[in-house]
Amino acid sequence: TAGGAVEKEGFLCSEKPFEKGEPGMNPDILCFFEGRRDVLPLYERLEQALLAELEPVEIRVQKTQISFYNHWMFACASFLPARRKKDRPETWLTVTFGLDYPVRSPRIDVVTEAQPNRWTHHVLIGRPEEIDEELMAWIKEAAEFSAAKS
């Protein structure tokens, strides 16, 4: 493609988007964060927590999100603007997960019933500390809910 960009999985990525210092990181994940490298530490913390607490986890990088699967998708990370711009921190990532009931918490930015008894929750995170026990408990429950789907 023109301008030194490489097409990967339907989206464009520079040939050299990142410097050394990110060993072992999936190049598709690095490509996903091109232009938003400041968010990469949030994602890395989320991925590390998921992989440490859940298995099996398959990670699929898509054009608009990075999805986490067991048999079905149970969570994802994206740049979905779950809050108004004035209410978002400068650096942020939206974590989405699905459950069979709506979670009531001030941390949940948006809850929608995507299908009957299948609720999608969006949580905007701006600091690594926000990837905590409470968030991981919701994600673990979402993984269990996903694994039980037929």
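Our subject is the structure listed above.
Residues numbered from 1 in each chain as written. Predicted model: local features only at pLDDT ≥ 70, side-chain atom pairs only at ≥ 80, totals over all residues. Heavy atoms only, no water.

### Brief notes about helix α2 (residues 40-53)
In an α-helix, one turn spans 3.6 residues, which is why side chains three or four residues apart end up on the same side. Rules: Counting from the N terminus, the helices are the DSSP runs of H or I reaching at least four residues and the strands are the DSSP runs of E reaching at least two. Given a helix with a known number of residues, its expected span is that number minus one, times 1.5 Å. Throughout this description, buried means an accessible area under 20% of the type-specific maximum (1.4 Å probe, protein chains only), exposed means over 50%, and partly exposed covers the range between.
A rise of 1.5 Å per residue sets the reference length of α2, with its 14 residues, at 20 Å; its end C-alpha atoms lie 20 Å apart and thus fit the reference within 8%. For α2, every residue scored as buried is listed here: Leu-40, Leu-42, Tyr-43, Leu-46, Glu-47, Ala-49 and Leu-50.

### Describing the sheet that holds strand β6 (residues 93-99)
Paired through their backbone hydrogen bonds, the strands of a sheet run either parallel or antiparallel. In plain terms, the rule: For two strands to pair, DSSP has to find at least two bridges joining them. Geometry is summarised by axes, namely lines fitted to C-alpha atoms with helices restricted to the contacting stretch, and by angles between N-to-C directions that run from 0 to 180 degrees. By definition in these notes, contact holds between two residues if any of their heavy atoms fall within 4.5 Å.
Strand order in this open sheet of six strands is β3-β4-β5-β6-β8-β7, and the pairing throughout is antiparallel. The open sheet is flanked by β3 (58-61) and β7 (110-115), the only strands paired with a single partner. The sheet shows a mean angle of 20° between the axes of neighbouring strands, taken without regard to direction. With five bridges connecting them, strand β4 (residues 65-69) and strand β5 (residues 73-78) associate as antiparallel partners. By the bridge assignment, Phe-68 is partnered in β5 with Ala-75. Here α2 sits on the sheet in contact with β3, β4, β5, β6 and β8 (118-125), set at roughly 5° to β4. Sheet contacts for helix α3 (residues 133-148): β5, β6 and β8; angle to β6, the most-contacted strand, approximately 45°.

### Things to note about the packing of α2 against α3
Condition: Here the angle decides the label: under 35 degrees means roughly parallel, over 145 means roughly antiparallel, 65 to 115 means roughly perpendicular, and every other value means oblique. Two helices cross in a left-handed way if the nearer one is turned anticlockwise from the farther one by less than a right angle. They cross in a right-handed way if the turn is clockwise. Following the grouping adopted for this structure description, the nonpolar residues are Ala, Val, Leu, Ile, Met, Phe, Trp, Tyr, Cys and Pro, the charged ones are Asp, Glu, Lys and Arg, and the polar ones are all others, Gly among them.
Viewed as axis vectors pointing N to C, α2 and α3 meet at an angle of 55°, and their least axial separation amounts to 11 Å. Between α2 and α3, the angle falls in the class oblique. Crossing handedness for the pair α2 and α3: right-handed. From α2, Leu-46, Ala-49, Leu-50 and Glu-53 reach across to α3, where they touch Met-136, Ile-139 and Lys-140. A class-by-class count of the residues in the contact of α2 with α3 yields five nonpolar, no polar and two charged.

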